[in-house]
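Architecture at a glance
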Amino acid sequence: MKAVQIQEYGGPEVLQYLDLPDPTAGPEQAVVEIQAVGVNFTDIYSRMGVNPPGLPWVAGVEAAGVVREIGAGVDHVAVGDTVAYCSHPGSYAEQAVVPAWRLIKMPQGLSAQDGAAAMLQGMTAHYLCYDTYRVRAGDSVLVHSGAGGVGLLLIQMCKALGAYVYSTVSTEAKAELARGAGADHVILYTQQDFAAEISKATDGAGLQAVFDAVGKDTFDGSIACLAPRGYMVLYGQASGAVPPVDPRVLGNGSKFLTRPGLGDYTANRAELDQRASAVLGWVQSGELKLRVEHHFALSDAGEAHRQLAGRATTGKIILTP
């Protein structure tokens, strides 16, 4: 099979498109013939060695396709089922062997592309506003990177929960996407100080939560935006890692800081199934809109990484084997 593998950490150039042996299913596993691959910032972090996965490594943690083989003890998926999964390595490939408990059958009417676009980013948005900070009607929250894959989904979910949503983006074109997802007040951080704008807009009262995947460049401003007992939810570091933090920055207002990850919010089959079913059900019904604008061949994974890291993309990036 063809796959994208790294044998050293580094830039997009370390992604090698090559031939690897076809996988086989062991007990409690399934082989998925991959039709669509989701590209995520976590792939970039792993490629760079920020979260070193061990070498050699087939990139990617999210995909969807058709089950081609099952191992002993697998009973909730069958050969021929269209499934999606995330949080398991090796998705930048024509085939992948996956623990069967991680596979979610696609609802009627949804494609493999829908699955690859919705699983990781949709479930991330879900746990952020339903569990890490439980958004309530009347809350005011900030979603950074509002035109990105998670941002667009998170805005929609926060609005559905009754929140007033602020969002930051870099361009007017991206601002239109954030507004289209439901954002009430969009700030161009390239032209305005977002913390000052939010202080002005809230008469200094601040926000109940900030959802921040940018990291270093926005961290201090995000803390400054919070109301007393507000939540700083740092779930990524697209601009780089946040330097060591003096806990006293949280003391003026009894603020909370958390660094969540999807794996901890889909740690077992029951939680994974509940979260994935909610997200895919909303996509199926049309309540949640996916935006897939960028398609690359699997062999062009390096270019997909360059564009994502350079913030040249909106919505979801899909690789096609």
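One structure accompanies this document, and this report is about it. Just so we're clear, the structure is a prediction, and the values are computed from it rather than from any experiment.

1. Notes on the sheet that holds strand E11 (residues 185–188)
Whenever strands of a sheet pair, they do so through backbone hydrogen bonds, lying parallel or antiparallel. The six strands lie next to each other as E11-E10-E9-E12-E13-E14, forming an open sheet whose pairing is parallel. Both outer strands of the open sheet, E11 and strand E14 (256–258), are each paired with one neighbouring strand and no more. Between one strand axis and the next, the sheet turns through 15° on average, direction left out of account. Of the strand pairs in this sheet, strand E13 (residues 226–234) and E14 are connected by three bridges, and their pairing is parallel. Bridging across to E14, Val233 finds its partner in Thr258. Along the sheet, helix H2 (residues 112–132) makes contact with strand E12 (207–212), E13 and E14, crossing E13 at roughly 150°.

2. Some remarks on helix H5 (residues 194–201)
The complete set of buried residues in H5 reads Phe194, Ala195 and Ile198. For H5, the angular spread of the buried residues around the axis is 100°, confining them to a single face. Structurally, H5 contributes buried residues whose contacts are with strand E9 (140–143), strand E10 (164–169), E11, E12 and helix H6 (219–225). Near the N-terminus of H5, the side chain that reaches the backbone nitrogen of Ala195, with its oxygen 3.0 Å away, is that of Asp193. Phi for Asp203, located one or two positions after H5, is positive at around 55°.

3. Some words on unusual backbone geometry
Going from Leu55 to Pro56, the amide bond is cis rather than trans, its omega being -10°. By the secondary structure assignment, Pro56 is in the loop between helix H1 (41–48) and strand E4 (57–58). Even without a glycine there, the phi angle at Glu28 is positive, about 65°. Residue position: Glu28 is located in the loop between strand E2 (16–19) and strand E3 (29–39). Positive phi, normally seen in glycine, also occurs at Ser254, with a value near 50°. As for its placement among the helices and strands, Ser254 is situated in the loop between E13 and E14.

Cut-offs applied
Residues numbered from 1 in each chain as written. Predicted model: local features only at pLDDT ≥ 70, side-chain atom pairs only at ≥ 80, totals over all residues. Heavy atoms only, no water. Pairing = 2+ DSSP bridges. Helix = DSSP H or I, 4+ residues; strand = E, 2+ residues; numbered from the N terminus. Axes fitted to C-alpha atoms, helices over the stretch in contact; angles between N-to-C directions. Contact = heavy atoms within 4.5 Å. Buried < 20%, exposed > 50% of the residue type's maximum accessible area, 1.4 Å probe, protein only. Arc of directions from axis to C-beta. Polar contact = N/O pair within 3.5 Å; in protein donor to acceptor, adjacent residues only side chain to side chain.

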